[in-house]
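Architecture and fold: a report
Next come the chains, spelled out residue by residue.
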Amino acid sequence: MTLVYVAVGGALGSSARFLLAGAINRHGAFYAPAGTFVVNVLGCFLFGVIVALADRRLPLAASTRAFLLVGVLGGFTTFSSYTFETFVLMRQAQLWRAALNAGGQVVAGLVALWAGVASVRGW
């Protein structure tokens with residue numbers, strides 16, 4: 001049954017990623033894969049919030065964790081898109097944008113995950 005939860009969560013997360021990243025990229029993003037960047041950082045923040053809530057305030061069943069973390073956020077965050085878009089930027093000789101994308105998402109993702117955990121633990 002957990003597989004069904006992960007599959008449904010993944011469909012929801014992937015749909016949300018498609019809509020959000022597309023909207024960001026269509027509406028004046030300062031560089032092409034900005035939608036993926038925002039989705040990945042937001043996904044890290046939400047992951048931190050859910051983990052901290054589950055650890056401290058709101059114990060979650062294993063199936064609920066699988067649905068939210070593996071399914072929804074696994075479908076929502078976009079590591080494969082991130083690496084492909086970085087590769088394309090490199091191939092187009094846009095090395096500073098590739099570096100910003102690669103390094104920025106890692107650093108911003110770690111900061112967002114920390115912020116998600118800290119925001120819940122600060123309650």
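Here we summarise the structure given alongside this text. Here the structure is a predicted model, which means the values were calculated and not measured. (Residues numbered from 1 in each chain as written. Predicted model: local features only at pLDDT ≥ 70, side-chain atom pairs only at ≥ 80, totals over all residues. Heavy atoms only, no water.)

Let us now look at helix α1 (residues 2-26). With 25 residues, α1 ought to run about 36 Å at 1.5 Å a step, and its terminal C-alpha atoms sit 36 Å apart, in line with that. Along α1, the residues classified as buried are G9, G10, G13, A21 and G22. As for α1, its buried residues are in contact with α2 (34-57) and α3 (62-76). (Helix = DSSP H or I, 4+ residues; strand = E, 2+ residues; numbered from the N terminus. Expected span 1.5 Å × (residues − 1). Buried < 20%, exposed > 50% of the residue type's maximum accessible area, 1.4 Å probe, protein only. Contact = heavy atoms within 4.5 Å.)

Right, let's get into the side chain of Q105. For Q105, the location among the structural elements is in helix α5 (residues 95-121). Accessibility expressed as a relative area gives 7% for Q105, which makes it buried. Polar side-chain contacts of Q105 include one of 2.9 Å to the side chain of N101. Apart from residues lying up to four places away in sequence, Q105 is in contact with T36, F37, N40, Y82 and L100. (Polar contact = N/O pair within 3.5 Å; in protein donor to acceptor, adjacent residues only side chain to side chain.)

Turning our eyes to something else, we now look at the nonpolar core. Within the largest apolar cluster, 6 residues are counted, these being A21, V39, I50, L69, L73 and F76. Of all the elements in the fold, those that place two or more residues in this core are α2 and α3. Broken down by element, the residue count for this core peaks at 3 residues, all from α3. Beyond its immediate chain neighbours, meaning those up to four positions away, L73 contacts G43, L46, F47, I50 and L68. V49, A52, V117 and V120 belong to the second-largest nonpolar core, a separate cluster that totals 5 residues. (Core = buried A, V, L, I, M, F, W, Y, C linked by side-chain atoms within 4.5 Å.)

A full pass over the atoms with the stated rule returns 1 aromatic pair. Ring geometry for F79 and Y82: centres 5.2 Å apart, planes at 50 degrees, overall tilted. Here Y82 and F79 lie together in helix α4 (residues 79-91), a separation of 3 residues that amounts to about one turn. Looking at Y82, the relative accessible area reads 10%, which means it is buried. (Phe/Tyr/Trp six-rings, centres within 6.5 Å; stacked < 30°, edge-to-face > 60°.)

So, on to the packing of α4 against α5. α5 packs onto α4 with a crossing angle of 160 degrees between their chain directions and a minimal axis gap of 7 Å. If you check the angle between α4 and α5, you find them roughly antiparallel. Regarding α4 and α5, the two cross each other, and that crossing is left-handed. Counting all contacts with α4, which are made through Y82, E85, T86, L89 and M90, the residues of α5 involved are L95, R97, A98, N101, A102, Q105 and V106. Here the residues of the contact of α4 with α5 are counted per class, giving 7 nonpolar, 3 polar and 2 charged. (Axes fitted to C-alpha atoms, helices over the stretch in contact; angles between N-to-C directions. Parallel < 35°, antiparallel > 145°, perpendicular 65-115°, else oblique. Left-handed = near helix turned anticlockwise from the far one by under 90°. Nonpolar A, V, L, I, M, F, W, Y, C, P; charged D, E, K, R; others polar.)

Further remarks concern the pattern of salt bridges. Counting across every chain of the model gives 1 salt bridge. With a closest N to O distance of 3.4 Å, D55 and R65 form a salt bridge. Pair noted here: D55 is in helix α2 and R65 is in helix α3, with a separation of 10 residues, a long-range link. Residue classification places D55 among the partly exposed residues on the basis of a relative accessible area of 47%. (Salt bridge = Lys/Arg side-chain N within 4 Å of Asp/Glu carboxyl O.)

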